[in-house]
Amino acid sequence: MRMTFRWYGENNDSVSLKHIKQIPGVEGLVWALHHRSAGEVWPLEEVLEVKKQADKYGFHLDVVESINVHEDIKLGKESRDQYIDNYKESIRHVAAVGAKVICFNFMPVFDWTRTDLYKELEDGSTALFYETSKVNQMDPTELIKQITNSGYTMPGWEPERLKTIKNSFKAYEEVDEEQLWINLEYFLNEVLPVAEEEDIKLAIHPDDPPWPVFNLPRIITNERAVERYLAISDSPSHCLTLCSGSLGANPNNDIPGIIRRFHNRIAFAHVRNVRIYDNGDFIETSHRTKDGSVPIDEIVKAYHDTEFKGYIRPDHGRHLWNEECRPGYGLYDRALGVMHLWGLWDAYELVKQERSE
Ligand code: CS2
Ligand code: MN
């Protein structure tokens with residue numbers, strides 16, 4: 001496995017490259033031009049600027065997360081073709097700095113959804129929390145304001161969404177899950193050939209949480225959806241980002257089983273734990289299996305047993321020791337997460353060596 005760490009860029013992240021360099025085994029940055037809105041072309045000179053910053057610390061830029069997909073593509077509007085052309089150009093520009101994987105998602109309007117960004121856990125740390133009853137009566141503009149007030153922008157929750165949110169909801173009244181699948185297939189048939197030419201894997205990230213939110217359709221939600229998705233194309237560029245915390249919020253999703261079944265199509269692994277409550281609410285926890293509901297030890301074992309050679313990152317962390325940070329993206333708990341993943345991986349490696357002696 002190739003350890004990486006998400007970085008939101010100079011002047012846009014409380015975590016510095018100097019800090020990340022001191023986390024054992026982190027080889028590369030998971031990066032994006034976060035100031036660029038979905039649908040825009042990522043200018044080559046801006047991409048090259050990130051490369052200059054990464055080179056100073058010897059990090060690779062193999063994994064882009066995310067070139068976000070414009071809403072008109074998800075909606076299947078006439079105007080989608082221009083945005084698809086822009087997406088193709090962005091693929092070519094990130095290829096220029098060695099990108100090997102592009103993570104993206106096809107969630108309508110928003111990205112991951114939570115109702116509380118700083119819910120206290122029993123140990124006094126705080127974490128991202130999803131409260132079902134609150135979501136159903138929540139005004140999503142409130143969440144955009146809460147995230148904006150945190151001082152950070154979060155993918156899918158940028159303040160400019162406030163301007164378009166009403167029209168977006170109206171437009172999705174015409175788009176059900178089947179139509180979303182059709183629009184996703186159209187997008188993939190257009191961009192996969194370009195990704196192939198550039199030797200880049202396009203790796204869709206599952207829906208977080210893995211069920212419809214605010215009555216908007218969501219389709220990458222379980223093993224059957226993963227199977228249907230991967231069957232769309234046999235292109236070597238047609239891959240998956242398997243996020244254990246996203247799919248894992250549904251206890252019926254057997255993450256180790258999905259890994260063992262689709263391991264050769266997983267280009268990028270997000271490893272995160274959540275604790276699921278009886279009423280379906282969930283809170284993010286440490287990466288240790290015992291702190292949540294997701295079998296992290298079994299997940300890393302599945303990656304180890306299948307000799308996973310892809311990229312991996314500790315996804316989100318809790319907020320520890322009063323760290324001022326982007327919700328879910330502090331330094332401390334993600335660094336602890338990296339070490340837990342190495343600990344599990346190295347232990348399985350040791351057992352494998354002992355068995356072979
Ligand atoms: C990411 C999301 O923060 C996260 O957990 O997974 O920002 C988003 O879903 C991914 O970047 C995929 O587009
Ligand atoms: Mn994720």
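Predicted, not measured: the structure shown is a model, and the values here were computed from it. (Residues numbered from 1 in each chain as written. Chains lettered and ligands numbered in written order. Predicted model: local features only at pLDDT ≥ 70, side-chain atom pairs only at ≥ 80, totals over all residues. Heavy atoms only, no water.)

Digging into the site of ligand 1
So, step 1. Taken together, 16 residues sit near ligand 1, with E65, S66, N105, H316 and Y329 positioned nearest.
So, step 2. One of the side-chain N or O atoms of R6 is found 3.0 Å from an oxygen atom in ligand 1.
So, step 3. One of the side-chain nitrogen or oxygen atoms of Y329 is found 2.6 Å away from an oxygen atom of ligand 1.
So, step 4. Expressed as a share of its isolated accessible area of 330 Å², the protein-covered part of ligand 1 is 99%.
So, step 5. For the shell around ligand 1, the per-class residue count stands at 6 nonpolar, 5 polar and 5 charged. (Near = heavy atom within 4 Å. Polar contact = N/O pair within 3.5 Å; in protein donor to acceptor, adjacent residues only side chain to side chain. Areas by Shrake-Rupley, 256 points an atom, 1.4 Å probe, with all protein chains shown as cover. Nonpolar A, V, L, I, M, F, W, Y, C, P; charged D, E, K, R; others polar.)

Considering the environment of G98
So, step 1. Mapped onto the fold, G98 is located in the loop between α4 (80-95) and β4 (101-104).
So, step 2. Along the chain, G98 and V63 lie 35 residues apart, while their C-alpha atoms are 8.9 Å from each other. (Helix = DSSP H or I, 4+ residues; strand = E, 2+ residues; numbered from the N terminus.)

Considering the coordination of the manganese ion (ligand 2)
So, step 1. All of the protein donors around the manganese ion (ligand 2) are H205 (NE2), C243 (SG) and H270 (ND1); their distances to the metal are 2.2 to 2.6 Å.
So, step 2. In primary-sequence terms, the residues that donate to the manganese ion (ligand 2) follow H-x37-C-x26-H. Of this pair, H205 sits in the loop between β7 (201-204) and α9 (223-230) while H270 sits in strand β9 (residues 266-270); the two residues are 65 residues apart in sequence, bridging distant segments of the chain.
So, step 3. The exposure class assigned to H205 is buried, which follows from its relative accessible area of 9%. (Donors = N, O, S within 2.8 Å, 3.2 Å for Na, K, Ca; no water. Buried < 20%, exposed > 50% of the residue type's maximum accessible area, 1.4 Å probe, protein only.)

Focus: the pattern of salt bridges
So, step 1. Taken as a whole and assessed by the stated rule, the structure comprises 36 salt bridges.
So, step 2. For the salt bridge of E65 with R6, the shortest nitrogen-to-oxygen distance reads 3.7 Å. Here E65, found in strand β3 (residues 60-65), pairs with R6, found in strand β1 (residues 2-6); they are 59 residues apart in sequence, far enough to count as distant. Neither E65 nor R6 differs from the other in exposure class; each is buried.
So, step 3. Put simply, D72 and K77 hold a salt bridge, and the shortest N to O gap is 3.9 Å.
So, step 4. Residue classification places D72 among the buried residues on the basis of a relative accessible area of 12%.
So, step 5. A relative accessible area of 39% places K77 in the partly exposed class.
So, step 6. Salt bridges here are not isolated pairs; linked through shared partners, they connect R6, E65, R114, D208, R272, E284, R313 and D315. (Salt bridge = Lys/Arg side-chain N within 4 Å of Asp/Glu carboxyl O.)

Side note on the side chain of R275
So, step 1. Topologically, R275 is positioned in strand β10 (residues 274-276).
So, step 2. Only 2.8 Å separates the side chain of R275 from the side chain of E122, close enough to count as a polar contact.
So, step 3. Within the structure, the side chain of R275 is placed 3.2 Å from the backbone oxygen of D291, a separation counted as a polar contact.
So, step 4. When sequence neighbours within four positions are dropped, the list of residues in contact with R275 reads L121, E122, D281, F282, I283, T285, D291, G292 and S293. (Contact = heavy atoms within 4.5 Å.)

Notes on the pairing of β7
So, step 1. Note that β4 and β7 share 4 bridges and pair parallel. Across the sheet, the residue bridging to C103 is A203, located in β7.
So, step 2. Across 3 bridges, β7 lies against strand β8 (residues 238-243) in parallel orientation. Pairing of I204 across the sheet is with L240, part of β8. (Pairing = 2+ DSSP bridges.)

Topic: the packing of helix α6 (residues 140-149) against helix α7 (residues 161-171)
So, step 1. Direction vectors running N to C along α6 and α7 enclose 160°, while the axes themselves pass 11 Å from each other. Between α6 and α7, the crossing angle belongs to the class labelled roughly antiparallel. As for how α6 packs across α7, the hand of that crossing is right-handed. On the side of α6, the interface is formed by P140, T141 and I144, while α7 contributes R161, L162, I165 and F169.
So, step 2. Its residues placed into classes, the contact of α6 with α7 shows 5 nonpolar, 1 polar and 1 charged. (Axes fitted to C-alpha atoms, helices over the stretch in contact; angles between N-to-C directions. Parallel < 35°, antiparallel > 145°, perpendicular 65-115°, else oblique. Left-handed = near helix turned anticlockwise from the far one by under 90°.)

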